[in-house]
Amino acid sequence: MTIANAYPVTQTIRTIGILGGGQLGMMLAQAAMPLGYQCVFLEDSADCPASLYGRVFSSEQLDAFIEAADVFTLEFENTPTATVQQLANLSKSGSKQGMFPPTIALDIAQDRLKEKQMFNSLDIATVPFVSVSSEAELQQACNDLGLPIVLKTSRGGYDGKGQFVIRQDSDIKAAWQELKDAVTGKGTLTQTPAPLIAEGFIHFSRELSIIAARGQNGEVRCYDLVENHHHQGILAKTQAPAIGTSHLFKQATDAITNVMNHLGYVGVMALELFVTKDARGNDTLIANEIAPRVHNSGHWSIEGAVTSQFENHIRAVVNLPLGDTDNVYPAIMINVLGQYPDISEVLNIDGVHYHSYHKAERDDRKIAHITLMPNDVADLEPALAKLVAVLPNKVGLDKKVMPINHPATAEDSLTTAKVKADAENRESLANDDNEQQNFESTNSKVEKAKK
């Protein structure tokens, strides 16, 4: 029970309402508690991870959830925009302190076509893409982009659903038949009518992401670029910072800053990026997608940064000054999928930080993450090998654990691209693992697609 004088008189926000109660909501609540804030959650699973840290309201208890909180945020970008707008309207009326991030950020993130159009409007490069609303337009897209391409629903879709890889002309009709209902909103993946999106392929060598926080005063603070490795479409490993990317840092920070300012964003955002070559053969970045929330590739920041992504998100939501985003020590984050390891074996490895999500075991479900931060950076690779050895699900890291202090070779990246293409670029949006896309094209295709 909270006593009457538990908060300073000047503190008008006491309770943060979070839409969603998964592990991201749980870790947001963990970050809020030392700052003096409580959290409540809107979540239909009463025993969700966040239930350990605050009261959980079902969707049928929306009014009670609203009453219990002073300000609102979210942990999942597929939250209905109508609910987010309802909460935003409360702040406009003065009855609540705000809803962050803004509705427009979700509207963009929930629509792949709008998202890529936004990137291009801000001069942020993407893969070549074309809107498709008919079989004839699909045929034209294949002609313009060149095969192979990936045809996707622009809204909805997860774990590889809502996608079709078109490798040859004979695939076009089958792809259209499989996904055409999404255009009219009759499909099972989305009830919102929206065109499909055809995306071209380009070579890329590495998958990176950058996370940034933006305060209510417009201040933006960026974390280091990190390198991500995926296993069957799910994030397996993040290395922070990404080795050999200092020459790309400004391009990445400019891109995410421009997006946040454009959206009037408040809170933490992730931007997923691919490293490719420009016309002169120099490294450059292309944007894949944004995640308008705290992100799996930033979990390392709990121990590895001066201020974690979770604390900075809370700071932004309650209008406190943002914290230092500097990396305090190189780190590797590994996701634990499906089955828990023996915690004694894990903690026997020096430099390990273990985070359980208190979830039941289930195939490919994210149930924990582990961050490696040994005292000597030279011990990172040996520690990783020891950790992989004791994981029940080795998330593909046992097949080839590349030296963490060397970038992937072009040959390795193209092999990875082939494997991912064969897996039809599976994605896991519900678990904050966003689309993994592999592309193979030229700059001329980009210009052709724009026309």
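Residues numbered from 1 in each chain as written. Predicted model: local features only at pLDDT ≥ 70, side-chain atom pairs only at ≥ 80, totals over all residues. Heavy atoms only, no water.

1. Re the side chain of D111
Short version of the rule: Every helix listed is a DSSP run of H or I at least four residues long, and every strand listed is a run of E at least two residues long, numbered separately from the N terminus. Buried means the residue's accessible area, taken with a 1.4 Å probe over protein chains only, is under 20% of the maximum for its type, while exposed means over 50%, and partly exposed covers the values in between. Should any heavy atoms of two residues lie within 4.5 Å, those residues are considered in contact.
Within the element layout of this structure, D111 appears in the loop between α4 (103-109) and α5 (112-121). According to the relative accessible area criterion, D111 is buried, its value standing at 7%. When residues no more than four places from it in sequence are discounted, the contact partners of D111 are S154 and R155.

2. Section: the sheet that holds strand β3 (residues 56-57)
Spelled out, the test is: Only when DSSP finds a minimum of two bridges between them are two strands counted as paired.
The 4 strands lie next to each other as β3-β2-β1-β4, forming an open sheet whose pairing is parallel. Strand pairing shows two members of the sheet lacking a second neighbour, β3 and β4 (71-74), which therefore form its edges. For strand β1 (residues 15-19) and strand β2 (residues 38-42), the ladder comprises 5 bridges, and the chain directions are parallel. Within the sheet, the bridge partner assigned to T15 lies in β2 and is Q38.

3. Section: helix α1 (residues 23-32)
Here α1 lies mainly inside the structure; 9 of its 10 residues are buried. Listing the buried residues of α1 in full gives Q23, L24, G25, M26, M27, L28, A29, A31 and A32.

4. Details of the packing of aromatic side chains
To keep things clear, this is the line we draw: Any pair of Phe, Tyr and Trp rings, taking the six-membered ring for Trp, is counted once the centres come within 6.5 Å. Such a pair is stacked with planes under 30 degrees apart, edge-to-face with planes over 60 apart, and tilted for the rest.
Taken as a whole and assessed by the stated rule, the structure comprises 4 aromatic pairs. On the basis of an interplanar angle of 65 degrees and a centroid distance of 6.1 Å, the ring pair of F57 and F65 is categorised as edge-to-face. In this structure F65 comes out as buried when scored by relative accessible area, which is 0%. Taken together, the aromatic side chains of F57, F65 and F72 make up a single cluster linked through ring pairs.

5. Comments concerning the confidence of the model for the chain
Note the threshold: Confidence of the predictor in every single residue is expressed as pLDDT, which spans 0 to 100.
Confidence in the prediction for the chain averages 88 pLDDT; 86% of positions are at 70 or higher. In this model, residues 1-5 is a region of pLDDT below 50 whose contacts with residues beyond four sequence positions or in other chains number 3 contacts. Here residues 401-451 is a poorly scored stretch, pLDDT under 50, and it has 136 contacts once near neighbours within four places are set aside; other chains count.

6. Brief notes about the pattern of salt bridges
Quick note on the threshold: The salt bridge criterion pairs a side-chain nitrogen of Lys or Arg with a carboxyl oxygen of Asp or Glu, the two atoms within 4 Å.
If you walk through the whole model with that rule in mind, you get 11 salt bridges. The residue E77 makes a salt bridge to R293 at a minimum N-O spacing of 2.3 Å. Remark: R293 occurs in the loop between β14 (283-291) and α10 (301-304) and E77 occurs in the loop between β4 and α3 (81-93); sequence separation between them is 216 residues. K173 is the salt-bridge partner of E135, the closest N and O atoms lying 3.1 Å from each other. Here K173 lies in helix α7 (residues 172-179) and E135 lies in helix α6 (residues 135-145), a separation of 38 residues in the sequence.

7. Overview of the packing of α6 against α7
Rules: To get an axis, a line is fitted to the C-alpha atoms, and for a helix only the part in contact is used. The angle between two axes follows their N-to-C directions and goes from 0 to 180 degrees. Roughly parallel covers angles under 35 degrees, roughly antiparallel covers those over 145, roughly perpendicular covers 65 to 115, and oblique covers all other angles. Left-handed describes a crossing whose near helix is turned anticlockwise from the far helix by less than a right angle; the clockwise case is right-handed. Side-chain classes follow a simple rule in which Ala, Val, Leu, Ile, Met, Phe, Trp, Tyr, Cys and Pro form the nonpolar group, Asp, Glu, Lys and Arg form the charged group, and the remainder, Gly included, forms the polar group.
The interhelical angle for the contact between α6 and α7, taken along N-to-C directions, is 130 degrees, at an axis separation of 10 Å. With respect to α7, the element α6 is oriented oblique. In the packing of α6 onto α7, the handedness of the crossing is right-handed. Where α6 abuts α7, its residues E135, L138, Q139 and C142 lie against I172, K173 and W176. A class-by-class count of the residues in the contact of α6 with α7 yields 4 nonpolar, 1 polar and 2 charged.

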